[in-house]
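As a plain string of letters, each chain reads:
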Amino acid sequence: MRVTELPIVGAWMFEPPVFPDARGVFAAPFQSAAFRSALGFDLTVAQTNHSVSARGVIRGVHFADTPPGQAKYVYCPRGALLDVIVDVRLGSPTFGRFEAVELDATSCRAVYLAEGLGHAFVALTDDTVMAYLCSTPYNPAGERGVSPMDPDLGLPWPSDVAPVLSEKDAAAPTLAEAADQGLLPRWDACAEWYLRLRS
């Protein structure tokens, strides 16, 4: 398993070996030993999520109130997608920046994002499946979002397909509006929470 720390603190990419043969392909997108070796703690999994999306569907940018937040380990077992991690933590040295990683069923690449980071993706093929390992259960009262179409974020959505958004995502505030409304997690609170969880 090759592990790469991304430029946004708390975001990592995992690339497992893939073993194709005449029957098909085998890979292990999540390996606890590799995760612990790289990050220094075990991933708690409280819930797994599964979504299926048509080409052009954008989901996100989603995040949760931190603490407790919701860390995610995500991969794409079918199709292909562009996964986008957005730093929405007020006061973070990389606030407002994003990292984009293509995930697909061929590479079995995965990404991890810590609590307090924003997450979005766009399906690049029909019937794209996203699988999420989540550190906490879904909590509707603590769920937040910012617009994936915020021009100030400038997220790298493909230009050759019309984006398809839920009503909720289409109506989400921009990053600046979310900051004004007090909806964003704070970097200092996130950093303190990371230390508590990992100690």
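For the structure, see preceding data.
Note that the structure is a prediction, hence the values are computed from the model and not measured.

Conventions we followed
Residues numbered from 1 in each chain as written. Predicted model: local features only at pLDDT ≥ 70, side-chain atom pairs only at ≥ 80, totals over all residues. Heavy atoms only, no water. Phe/Tyr/Trp six-rings, centres within 6.5 Å; stacked < 30°, edge-to-face > 60°. Helix = DSSP H or I, 4+ residues; strand = E, 2+ residues; numbered from the N terminus. Buried < 20%, exposed > 50% of the residue type's maximum accessible area, 1.4 Å probe, protein only. Core = buried A, V, L, I, M, F, W, Y, C linked by side-chain atoms within 4.5 Å. Contact = heavy atoms within 4.5 Å. Disulfide = S-S within 2.5 Å. Pairing = 2+ DSSP bridges. Axes fitted to C-alpha atoms, helices over the stretch in contact; angles between N-to-C directions. 1 Å grid on protein atoms, 1.4 Å probe; cavity = no way out; pocket = protein on both sides within 12 Å on 5 of 7 lines; lining within 4 Å. Points joined across faces, edges and corners; volume = space filled by probe spheres on them. Nonpolar A, V, L, I, M, F, W, Y, C, P; charged D, E, K, R; others polar.

*Asks:* Help me out: how do you make sense of the packing of aromatic side chains in this one?
*Replies:* Working definition: an aromatic ring pair is given by the centre-to-centre distance plus the angle between the planes. What the rule picks out here adds up to 8 aromatic pairs. Centroid distance Phe-14 to Tyr-73: 5.2 Å. Interplanar angle 50°. Geometry classified as tilted. Taken together, the residues span a long stretch of sequence, with Phe-14 in strand E2 (residues 11–15) and Tyr-73 in strand E7 (residues 72–78) at a distance of 59 residues. The same class applies to Phe-14 and to Tyr-73, which are both buried. Here the aromatic rings of Phe-30 and Tyr-73 are separated by 4.9 Å at their centres, their planes lie at 80°, and the arrangement is edge-to-face. Of this pair, Phe-30 sits in the loop between strand E4 (24–27) and helix H1 (32–39) while Tyr-73 sits in strand E7, and the two are 43 residues apart along the sequence. When its relative accessible area of 27% is taken as the criterion, Phe-30 is described as partly exposed. Here a set of aromatic residues connected by ring pairs shows up, and it is made of Phe-14, Phe-30, Phe-35, Phe-41, Tyr-73 and Tyr-112.

*Asks:* It is not clear to me how the nonpolar core should be interpreted in this structure. Could you clarify?
*Replies:* The tendency in soluble globular proteins is for nonpolar side chains to be buried as a group. Ile-85, Leu-103 and Val-111 are the most contacted members of the largest nonpolar core, which has 17 residues in total. Elements that contribute at least two residues to this core include exactly E2, E7, strand E8 (80–86), strand E9 (98–104), strand E10 (110–113) and strand E12 (128–134). Looking at this core element by element, the count peaks at 3 residues for E12. Discounting residues that sit within four places of it in the chain, Val-111 has contacts with Trp-12, Met-13, Lys-72, Tyr-73, Val-74, Asp-83, Ile-85, Val-101 and Leu-103.

*Asks:* Sorry, what's going on with the state of the cysteines here?
*Replies:* Where two cysteines share a covalent bond between their sulfur atoms, that bond is called a disulfide. Overall, the coordinates contain 0 disulfides when judged by the stated rule. The thiol sulfur of Cys-76 is not disulfide-bonded, and the nearest other cysteine sulfur, from Cys-108, lies at 8.9 Å. Given a relative accessible area of 2%, Cys-76 falls into the buried group. Distance from the sulfur of Cys-190, which forms no disulfide, to the nearest cysteine sulfur (Cys-134) is 17 Å.

*Asks:* Looking at this structure, how should I read the sheet that holds strand E1 (residues 2–5)?
*Replies:* Across a sheet, paired strands are connected by hydrogen bonds in the backbone, their directions being either parallel or antiparallel. The antiparallel open sheet is built from 6 strands, whose spatial order is E1-E2-E10-E7-E12-E5. Edge positions in the sheet fall to E1 and strand E5 (47–53), since each of these pairs with one other strand and no more. Shown here is a sheet whose adjacent strand axes are inclined to one another by a mean of 20°, direction ignored. Sheet analysis places E7 next to E10, joined by 4 bridges and oriented antiparallel. Bridge pairing in E10 links Tyr-73 to Tyr-112.

*Asks:* Please explain the layout of surface pockets as it appears in this structure.
*Replies:* Regions of empty space are outlined by a rolling probe, equal in size to a water molecule, passed over the atoms. Reported here for the largest pocket is a volume of approximately 450 Å³. What lines the largest pocket is a set of 22 residues, among which Arg-59, His-62, Lys-72, Tyr-132 and Glu-143 lie closest to the centre. Looking at the lining of the largest pocket, the elements that each hand over two or more residues are E5, strand E6 (58–64), strand E11 (118–123), strand E13 (143–145) and helix H2 (167–170). Of the residues belonging to the lining of the largest pocket, the class tally is 7 nonpolar, 9 polar and 6 charged. Its boundaries defined by the atoms lining it, the second largest pocket holds a volume of some 170 Å³. Forming the boundary of the second largest pocket are 14 residues, of which Thr-44, Glu-115, Ser-135, Leu-197 and Arg-198 lie nearest the centre.

*Asks:* Any chance you could explain the sheet that holds E9 here in plain terms?
*Replies:* What the 5 strands build is an open sheet, ordered E9-E8-E11-E6-E13; its pairing is antiparallel. Single-partner strands in this sheet number two, and they are E9 and E13. Neighbour to neighbour, the strand axes of the sheet diverge by 25° on average, direction disregarded. In the sheet, E6 pairs with E11 via 3 bridges, with the strands oriented antiparallel. For Ile-58, the partnering residue across the bridge sits in E11 and is Val-122.

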